Amino acid sequence: MLFALCLLSIAGISQIVIWKNARDTVQAELSASGSVYDRIWALRARSLGDSASVLARDFGFRSAIASGDRPTIESALANLSARADVAQTFFVDSAGDIIGNGLPELRHAVATVPTTLASGRRDAVIATKKGVFRLIVSPVLAPMEIGWVIFAIPLDAGEMTALQRLSAIPLTAAILQHRGAAQWHGGGGRTRGDAALDVFVARAIAGERAPSALLLPGGWAFALAKPLAGPTGKAEAVLLLSYPWTAAMAPYRTMQIGITLAGVIGLILVLLGSRRLANGIARPIAALDAAARALEEGNRTELIVQSDDEVGRLAHSFNLMSAGIVEREHRITHLAFHDSLTGLPNRTYFREQLDAGLARASKRGESVAILCLDLDGFKGVNDTLGHPVGDVLLRRVGEILSGLAPDGVVSRLGGDEFAIILDHRGDPDRPRALAQAILDQLYHPLQVDGHQVATGASIGIAVGPGDGADADTLLKNADLALYLGKQDGRGVFRFFEPALDAAARKRRQLELDLREALHGGQFRLNFQPIFDLKKDRIGGFEALLRWEHPKRGNVPPIDFISVAEDTGLIIAIGDWVMQEACRQATAWPDHVRIAVNVSPLQFRNSGFQNVIFQALSRSGLAPNRLEVEITESVFLEGESSVLTLLHQLRAMGVRVALDDFGTGYSSLSYLRSFPFDKIKIDKSFVDSVAHDDSSAAIVRAIVDLANALHMETTAEGVEDSEQLAELRGQGCSSIQGYLFSRPIEGSAVMAMIAGPMSAVA
């Protein structure tokens, strides 16, 4: 557009220059023609003046004037007219009489000219109804002026034609005379009068003699007006020289056409060039825009690089950007569906593959097997060798599984959980064979960062759609099979069985009921007395948890304690037991203690010390009346932290008893590590203590060891007097069992304390 405007401007300026040049040329020609006309007329006027002077000095002519010889005067005028080639020649005497032939209007006008002609002038122009005449006046002297010889030359078409022939250009000459007021019209009617013409002539009469444009009957023309003075000096007529605009511009027509064509061609070229340039830019930009939209919609796209200019480099940069985005998307997608540690598919990818495999198997009538795998003892590896070694171990296991199951999808679900999807095609024994191969491979210790790590795995297997038609069910059942494998001693694989699902449902319902029991107050405490053999009185009670379910009835602890421990509810339940036991014990005599069993999970709870402190504070029970019973299993999670907590409890004044001594992970070093207040001898030793020498020897050894370490002893499960006698004889500090009393309600404790219990002992 800018180029087009420039071309149009150049064309316009060129036309203006041409017009101005044509105007200047015509103006010069008109001015020159006017000057030539003036010079020619001056020469002619002088020539006619000379001819008239010859006649005026002729003696015979002057005598004829003096004598009034009219025929002689007329003859002389005729001869002079013929000699000067002027058709109308007059003699005017001093009285104003006129002799000579001519139009009556002319004769009347001529007769007054000599007397009105300004001094020094010898010619003038007069306008009559018959036309415009130029008069040449020559005085007749004898010696005074006695008359004037006057030539009257009509400024008619012939005169104008002669003038036109003198010009170098084919101009048009015309005489204008006015019709009263300021209206000027052309001689012979060739030029009409109008206001514009009157203004044009008025400016010329006022002295503005430069040619200018004027609209004439034939069209626009360059025109020059020359006022023709009358006898008094006032313009009686005007010589109008004009040159048509079309004629003036004719010499430049070719140039104008050439400029116009050049402009049009240039404009076309500019438009074509602009279109090509626009296409060269717009098409790649449009392609870039389309590619950007496609990329925005997630489609991979590239532009064709057709040049090495800026557009080509832009396309190349876009391709690089597109490739970078795609690469990042692939990387992000990989991270979204793969485990960052092992590089194996993660749970999300596993779930999608399992859904797809089940759908495919359903259509084909096939089956899909999944193997869920947990590493045995992986936590111990992390705790003892550190997480970096554990991470390397996980990568090694991932490599092993991928090598053993090239026909499956091996995934890491999280932590030390792995899972494998097997399309069950044609080989129904493949899940079992793969599980066994994994166990065999992991049976041998692995070399991990210079450490020989003994590991193993438990595997649960579920086969869909029989064990589950959807991914959630199949995974849940595989987990149940894995749980069974762990229960069966670890290092084994188990297939899912419907009974597992039923047991899981039962366990789940029990868990829900436990939560309801905790919030609904369904728990209560029973108390089993501990009889002090040395003082022959009840020395304390062991708090025993009881659950009275509205529908299940009395639920034994053995049925729900393991569920409470697995679900973590044991923490809240244990807190309640501690608070309730302390609360009830405050009503007992000061010498009667309360013993509370504590789960290893409670003991590992960082807030366990605060729980005891709150229970004592709220109840007001003296700390030395509270006896916490722990088992040796609490030391499995680390001896140092357990000992620290035990010493903290001891610092509070709380007694600590070691329960079930001699049955589990018994280690005499525990007795050296912490000075327990009491050792409880397990019922399995007490049952045959009266009839089995080995049992009696063990009980004796325990009692002797406790005495040596200044610890008390309590024998559990005493059911007859022979056992009591043997235990008393061996120096046992206290007993508890059915011989003395079954667990009783809290409301019966005070009556038991006040009763004759020593008689039984």
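A quick note: this is a predicted structure, and the numbers were derived from the prediction, not measured.

## Observations concerning the overall build of the protein
Looking only at helices and strands, one finds 25 helices and 27 strands in the protein. Projecting the C-alpha coordinates of the protein onto the three principal axes gives extents of approximately 215 × 65 × 50 Å. A burial count over the protein gives 44% of its 761 residues as buried. Relative to all contacts within the protein whose residues are 6 or more apart in sequence, the contacts with residues 24 or more apart total 61%. As displayed, the protein offers around 38100 Å² of accessible surface, 56% of which is attributable to carbon and sulfur atoms. Once the 74 positive and 85 negative side-chain charges of the protein are each reduced to a mean point, those two points are 15 Å apart.

## Digging into empty space enclosed by the protein
Scanning the model with the defined rule gives two cavities of 30 Å³ or more in all. Of the volumes computed, that of the largest cavity is approximately 60 Å³. Around the largest cavity sit Phe200, Arg203, Ala204, Glu208, Arg209, Ala210, Ser212, Leu224 and Ala225, which together line it. Elements with a minimum of two residues in the lining of the largest cavity: α6 (195–205) and β9 (219–229). At three residues, the largest contribution of residues to the lining of the largest cavity is made by α6. Within the lining of the largest cavity, the residues separate by chemical class into five nonpolar, one polar and three charged.

## So, the pattern of salt bridges
Applying the stated criterion across every chain, the model contains 37 salt bridges. Between Asp289 and Arg293 there is a salt bridge; the shortest N-O distance is 3.1 Å. In this pair, Asp289 and Arg293 both sit in helix α8 (residues 253–296), four residues apart, roughly one turn of the helix. For Asp289, a relative accessible area of 39% translates into the label partly exposed. With a closest N to O distance of 2.9 Å, Asp513 and Arg552 form a salt bridge. You can see Asp513 sitting in helix α15 (residues 498–520) and its partner Arg552 sitting in the loop between β19 (537–549) and β20 (553–555), a full 39 residues away along the chain.

## Digging into the layout of surface pockets
For the largest pocket, the calculated volume is near 1100 Å³. Surrounding the largest pocket, 38 residues form its lining, Glu542, Leu544, Pro557, Asn597 and Asp659 being those nearest its centre. Those elements giving two or more residues to the lining of the largest pocket turn out to be β19, β20, α16 (557–567), α17 (569–585), β21 (593–597), α18 (600–604), β22 (626–630) and β23 (655–661). Broken down by class, the residue content of the lining of the largest pocket amounts to 17 nonpolar, eleven polar and ten charged. Estimates place the volume of the second largest pocket at around 560 Å³. Leu480, Tyr483, Ala503, Ala504 and Arg507 are, among the 21 residues lining the second largest pocket, the residues nearest its centre. Elements with a minimum of two residues in the lining of the second largest pocket: α14 (471–487), α15 and α16. It is α15 that provides the largest number of residues to the lining of the second largest pocket, a total of ten residues. Looking at the lining of the second largest pocket, its residues break down into eight nonpolar, three polar and ten charged.

## A short note on the packing of aromatic side chains
Evaluation of the coordinates by the stated rule reveals twelve aromatic pairs. Note on Phe523 and Trp547: the rings are 5.9 Å apart at their centroids and 50° apart in plane angle, and the pair reads as tilted. Note that Phe523 is positioned in strand β18 (residues 523–532) and Trp547 in strand β19, a separation of 24 residues in sequence. Here the two residues Phe523 and Trp547 agree in accessibility, since each one is buried. Taken together, a centroid distance of 5.3 Å and an interplanar angle of 85° make the contact between Trp547 and Phe560 edge-to-face. Taken together, the residues Trp547 in strand β19 and Phe560 in helix α16 connect sequence positions 13 residues apart. We note that Trp547, like Phe560, is buried. Arg742 extends its terminal NZ or CZ atom over the ring of Tyr738, reaching a point 4.0 Å from the ring centre.

## Here's the deal with the sheet that holds strand β1 (residues 88–93)
Taken together, five strands build an open sheet; the order of strands is β2-β1-β5-β4-β3 and the sheet is antiparallel. Each edge of the sheet is formed by a strand with only one pairing partner; in this case those strands are β2 (98–99) and β3 (123–128). Relative to strand β4 (residues 131–141), β3 is paired through six bridges, and the arrangement is antiparallel. Note that in β4 the partner of Ala124 across the bridge is Leu135.

## Considerations on the packing of helix α19 (residues 608–619) against helix α20 (residues 639–652)
Interhelical geometry of α19 versus α20 gives an angle of 15° and a closest axis separation of 10 Å. Classified by the interaxial angle, the pair formed by α19 and α20 is roughly parallel. Seen from above, α19 lies across α20 with right-handed handedness. Where α19 abuts α20, its residues Phe608, Gln609, Ile612, Phe613 and Leu616 lie against Leu645, Gln648, Leu649 and Met652. Residues belonging to the contact of α19 with α20 are distributed by class as follows: seven nonpolar, two polar and no charged.

## Thoughts on a nonpolar patch on the surface
A cluster of nonpolar side chains, namely Ile257, Leu261, Val264, Ile265, Ile268, Leu269 and Leu272, defines an oily patch on the protein surface of about 640 Å² accessible area. Residue placement: Ile257 occurs in helix α8.

## Some words on the pairing of β22
By the criterion of burial, β22 is predominantly enclosed, with five of the five residues buried. Going residue by residue along β22, you find Leu626, Val628 and Ile630 tucked away on one face and Glu627 and Glu629 tucked away on the opposite face as well. Inspection of the sheet shows β21 paired to β22 by four bridges, in the parallel sense. The residue of β22 that forms the bridge with Asn597 is Glu629. Of the strand pairs in this sheet, β22 and β23 are connected by four bridges, and their pairing is parallel. Residue Glu627 lies in a different strand from β23, and its bridge partner there is Arg655.

## Looking at the confidence of the model for the protein
In this model, the protein carries an average pLDDT of 85, and 96% of its residues clear a pLDDT of 70 or more. At the level of individual helices and strands, the protein shows its lowest average pLDDT in helix α21 (residues 668–673), which scores 76, and its highest in β21, which scores 96.

## Concerning the sheet that holds strand β8 (residues 212–216)
With respect to topology, five strands assemble into an open sheet ordered β7-β6-β10-β9-β8, the strand pairing being antiparallel. In this open sheet, the two edge strands, each paired with only one partner strand, are β7 (184–186) and β8. Direction aside, neighbouring strands of the sheet carry axes that sit 45° apart on average. Sitting on the sheet, helix α5 (residues 157–166) touches β6 (172–178) and β10 (235–244), and the angle it makes with β6 is about 140°. Its contacts with the sheet put α6 on β6, β7, β8, β9 and β10, and the angle it makes with β9 is roughly 45°.

## Quick notes on the environment of Val686
Relative to the helices and strands, Val686 resides in helix α22 (residues 683–686). Considered as a pair, Val686 and Ala715 are 29 residues apart in the sequence and their alpha carbons are 6.7 Å apart.

## Examining the packing of helix α2 (residues 59–67) against helix α3 (residues 70–84)
Two elements in contact, α2 and α3, have axes whose closest approach is 8 Å; the angle formed by their N-to-C orientations is 140°. Taken together, the axis directions place α2 and α3 in an arrangement best described as oblique. Along this stretch, α2 crosses α3, giving a crossing that reads as left-handed. Where α2 approaches α3, its residues Phe61, Ala64 and Ile65 are matched on the opposing element by Thr72, Ile73 and Ala76. Looking at side-chain class alone, the contact of α2 with α3 contains five nonpolar, one polar and no charged residues.

Rules used in this analysis
- Residues numbered from 1 in each chain as written.
- Predicted model: local features only at pLDDT ≥ 70, side-chain atom pairs only at ≥ 80, totals over all residues.
- Heavy atoms only, no water.
- Helix = DSSP H or I, 4+ residues; strand = E, 2+ residues; numbered from the N terminus.
- Buried < 20%, exposed > 50% of the residue type's maximum accessible area, 1.4 Å probe, protein only.
- Contact = heavy atoms within 4.5 Å.
- Areas by Shrake-Rupley, 256 points an atom, 1.4 Å probe, with all protein chains shown as cover.
- Lys, Arg positive; Asp, Glu negative; His and termini not counted.
- Charge placed at Lys NZ, Arg CZ, Asp CG, Glu CD.
- 1 Å grid on protein atoms, 1.4 Å probe; cavity = no way out; pocket = protein on both sides within 12 Å on 5 of 7 lines; lining within 4 Å.
- Points joined across faces, edges and corners; volume = space filled by probe spheres on them.
- Nonpolar A, V, L, I, M, F, W, Y, C, P; charged D, E, K, R; others polar.
- Salt bridge = Lys/Arg side-chain N within 4 Å of Asp/Glu carboxyl O.
- Phe/Tyr/Trp six-rings, centres within 6.5 Å; stacked < 30°, edge-to-face > 60°.
- Lys NZ or Arg CZ within 6 Å of the ring centre and 35° of its normal.
- Pairing = 2+ DSSP bridges.
- Axes fitted to C-alpha atoms, helices over the stretch in contact; angles between N-to-C directions.
- Parallel < 35°, antiparallel > 145°, perpendicular 65-115°, else oblique.
- Left-handed = near helix turned anticlockwise from the far one by under 90°.
- Patch = residues over 30% accessible without salt bridge, like charges linked within 9 Å, V, L, I, M, F, W, Y side chains within 5 Å.
- pLDDT = per-residue confidence, 0-100.

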